[in-house]
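# Survey of secondary and tertiary structure
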Amino acid sequence: MTYCTDIKEKCLTDGVTTSFQPSYSPDGKKVAYLENREAIRVIDLKSGKIHTAMDAKYAYSYSDGDQYFTWSPDSKWILADYIGVGGWNSGDVALVPADGKSEPVNLTQSGYTDSRPKWVMGGKAMIFGSDRAGYRSHGSWGAEKDIYIMFFDGKRYTEFMRDKEDREIADMLKTAREEKKEKKDSVKAEKKTEELVIDLDNRKDRIVKLTRYSGRLGDHYRTQDGKKLYYMVRLE
């Protein structure tokens, strides 16, 4: 049996304020975490400098584990639950610059509860839960949710919306040179993470409902190629 005897531990935060839920950036250079339960802070591991990515005023923590954020594949952005137009009990989804140099962008602005965003298709889109179309109790709490996808890339949205016949025609029109270039670009993407170009114009016109019916949703996951969606839902 082998034991590791040379372990060094280092406190990354000041040890005074409450800091938890750490998450490494995909490039391994930064760590994002929650400070005082609500603010999203980012540590540069090389310099040790800490800055605020999203201010605490955009969040409200009611219980442990109720705050959520996730890194983009290129480590430049963070998707997070966010207090927007609907107040703390009807949250939105925000796109947060990881460097903290500009304000978060409210992506959803539906007036209903939008939450738990996840990057898909290599950062070209995100999936999220929303109760905008589900049954709800207007006199109390609770609502049924659906899973939606929002595209940050117009080309990927167009490709996604094609039916079977359109896809077959598009495949027929592809030249051998285009197919070769696509394979080459795919190999490059595997070797090096592409810096995302996020198109926020007309994003509300690039939202698609993925689930067939609303329900009491648990977690959800979509494969990176965008072809399959896995989710948990309560059925009675």
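Structure's up top.
These lines cover the structure that appears in this document, whether it is placed above or below.

Cut-offs and rules
- Residues numbered from 1 in each chain as written.
- Predicted model: local features only at pLDDT ≥ 70, side-chain atom pairs only at ≥ 80, totals over all residues.
- Heavy atoms only, no water.
- Helix = DSSP H or I, 4+ residues; strand = E, 2+ residues; numbered from the N terminus.
- Contact = heavy atoms within 4.5 Å.
- Areas by Shrake-Rupley, 256 points an atom, 1.4 Å probe, with all protein chains shown as cover.
- Lys, Arg positive; Asp, Glu negative; His and termini not counted.
- Charge placed at Lys NZ, Arg CZ, Asp CG, Glu CD.
- Salt bridge = Lys/Arg side-chain N within 4 Å of Asp/Glu carboxyl O.
- Buried < 20%, exposed > 50% of the residue type's maximum accessible area, 1.4 Å probe, protein only.
- Polar contact = N/O pair within 3.5 Å; in protein donor to acceptor, adjacent residues only side chain to side chain.
- 1 Å grid on protein atoms, 1.4 Å probe; cavity = no way out; pocket = protein on both sides within 12 Å on 5 of 7 lines; lining within 4 Å.
- Points joined across faces, edges and corners; volume = space filled by probe spheres on them.
- Nonpolar A, V, L, I, M, F, W, Y, C, P; charged D, E, K, R; others polar.
- Core = buried A, V, L, I, M, F, W, Y, C linked by side-chain atoms within 4.5 Å.
- Pairing = 2+ DSSP bridges.
- Axes fitted to C-alpha atoms, helices over the stretch in contact; angles between N-to-C directions.
- Patch = residues over 30% accessible without salt bridge, like charges linked within 9 Å, V, L, I, M, F, W, Y side chains within 5 Å.

## Here we look at the overall build of the protein
- The secondary structure content of the protein amounts to three helices and 14 strands.
- If you line up the protein on its principal axes, its C-alpha atoms span 60 × 55 × 45 Å.
- Relative to all contacts within the protein whose residues are 6 or more apart in sequence, the contacts with residues 24 or more apart total 48%.
- Carbon and sulfur atoms make up 49% of the accessible area of the protein, which amounts to about 15400 Å² in all.
- Here the protein holds 41 positive side-chain charges and 39 negative ones, and the gap between their average locations is 4 Å.

## What to know about the pattern of salt bridges
- All told, the structure shown has 10 salt bridges when counted by the stated rule.
- Residue D27 is joined to K30 by a salt bridge in which the shortest nitrogen-to-oxygen separation is 3.5 Å.
- Take K30: its relative accessible area is 17%, and that puts it in the buried class.
- Where E35 meets R41, a salt bridge forms, and the shortest distance between an N and an O atom there is 3.4 Å. This pair shows no difference in class: E35 is buried, exactly as R41 is.

## A look at unusual backbone geometry
- Despite not being glycine, N36 shows a phi value in the positive range, around 50°.
- Of note, N36 is situated in the loop between β2 (30–35) and β3 (39–44).
- What makes N36 partly exposed here is its relative accessible area of 44%.
- Phi is positive for R116, which is not a glycine, with a value near 50°.
- By the secondary structure assignment, R116 is in strand β9 (residues 114–120).

## Quick notes on the side chain of D153
- Among the structural elements, D153 can be located in the loop between β11 (146–151) and α1 (154–161).
- A distance of 3.0 Å separates a polar atom in the side chain of D153 from the backbone nitrogen of K155.
- Discounting chain neighbours no more than four positions away, the residues touching D153 are K124 and R206.

## A look at the layout of surface pockets
- By volume, the second largest pocket amounts to about 930 Å³.
- What lines the second largest pocket is a set of 31 residues, and nearest its centre among them are W88, N89, S90, G91 and T113.
- Counting only elements with at least two residues in the lining of the second largest pocket, the list comes to β6 (77–82) and β9.
- The dominant element in the lining of the second largest pocket, judged by the number of residues it contributes, is β9, at three residues.
- Across the lining of the second largest pocket, the residue classes tally to 10 nonpolar, 12 polar and nine charged.

## Describing the nonpolar core
- By size, the foremost hydrophobic cluster in this structure holds 16 residues, and its most contacted members are I40, M54, F69, I78 and V96.
- For this core, the elements supplying multiple residues, two or more each, are β2, β3, β4 (50–54), β5 (69–71), β6 and β7 (92–97).
- With three residues, the top contributor of residues to this core is β6.
- Aside from chain neighbours lying at most four places away, what touches F69 is Q21, S23, A32, Y33, L34, I40, I78, L79 and A80.
- Core analysis: the next-biggest nonpolar cluster, separate from the first, contains 12 residues, L79, W119, L196 and I198 among them.

## Let's talk about the sheet that holds β11
- Judged by pairing direction, the sheet is antiparallel, and its four strands sit side by side in the order β9-β10-β11-β12 without closing on themselves. Only two strands of the sheet have a single partner each, and these edge strands are β9 and β12 (207–209). If you compare each strand with its neighbour and ignore which way they point, the axes differ by 25° on average.
- Pairing of β11 with β12, which is carried by three bridges, proceeds in the antiparallel orientation. Note that in β12 the partner of Y148 across the bridge is K209.

## Looking at a nonpolar patch on the surface
- Together, Y60, Y62, W88 and W141 make up an exposed nonpolar region whose accessible area comes to about 590 Å².
- Here W141 is to be found in the loop between β10 (125–130) and β11.

## Notes on the pairing of strand β1 (residues 19–24)
- Pairing analysis gives four bridges linking β1 to β2, with the strands arranged antiparallel. Bridge pairing in β2 links F20 to L34.
- Between β1 and β2, which pair antiparallel and follow one another directly, the connecting turn spans five residues, one of which, G28, has a positive phi of 75°.

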